[in-house]
Amino acid sequence: MSIAYSSTKVRIVEVQGLEIPGLAEGATWQKGNLLFRSPREGWSCREEKSQWARGLDAQGRFYVLWVADHFRARGLVIQPEESCYCFEVSRISG
């Protein structure tokens, strides 16, 4: 399957309560295809949830990674802080 949205590399800058292999400060993850639209913008996850991580891309845009329980996605997703759209996320090994 091809990527319909731009693939963005995100460096993890903060982790709060999430214990997922490879998810640590300084690690690099990649945003993939669109999964679903959240009812709230990404920044609200940091206020509403106790488990999340925050990432930063090369253009200075912040993202929040969190565990979704949605009919379209169960597990870790990535969401731009100023957006309602949630995307696939995968670890970049290395």
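Structure first, text after, so check above.
I will try to describe carefully the structure that is included in this document. (Residues numbered from 1 in each chain as written. Predicted model: local features only at pLDDT ≥ 70, side-chain atom pairs only at ≥ 80, totals over all residues. Heavy atoms only, no water.)

Bringing the pattern of salt bridges into the picture now. If you walk through the whole model with that rule in mind, you get five salt bridges. When the shortest N-O distance is used, the salt bridge between Arg61 and Glu82 registers 2.5 Å. Taken as a pair, Arg61 in the loop between β3 (52-56) and β4 (62-70) and Glu82 in the loop between β5 (73-80) and β6 (85-91) lie far apart in primary sequence, 21 residues in all. On the accessibility criterion, Arg61 (34% relative accessible area) is partly exposed. We classify Glu82 as partly exposed; its relative accessible area is 42%. Residue Asp69 pairs with Arg74 through a salt bridge whose shortest N-O separation is 2.5 Å. The residues Asp69 and Arg74 share a single accessibility class, namely exposed. Ionic contacts of the salt-bridge type, sharing partners, join the residues Arg46, Arg54 and Glu81 into one network. (Salt bridge = Lys/Arg side-chain N within 4 Å of Asp/Glu carboxyl O. Helix = DSSP H or I, 4+ residues; strand = E, 2+ residues; numbered from the N terminus. Buried < 20%, exposed > 50% of the residue type's maximum accessible area, 1.4 Å probe, protein only.)

Before going further, it helps to spend a moment on the side chain of Glu81. Relative to the elements of secondary structure, Glu81 occurs in the loop between β5 and β6. With residues up to four places along the chain from it excluded, the contact list for Glu81 reads Glu41, Gly42, Trp43, Arg46, Arg54, Phe62, Tyr63 and Val64. (Contact = heavy atoms within 4.5 Å.)

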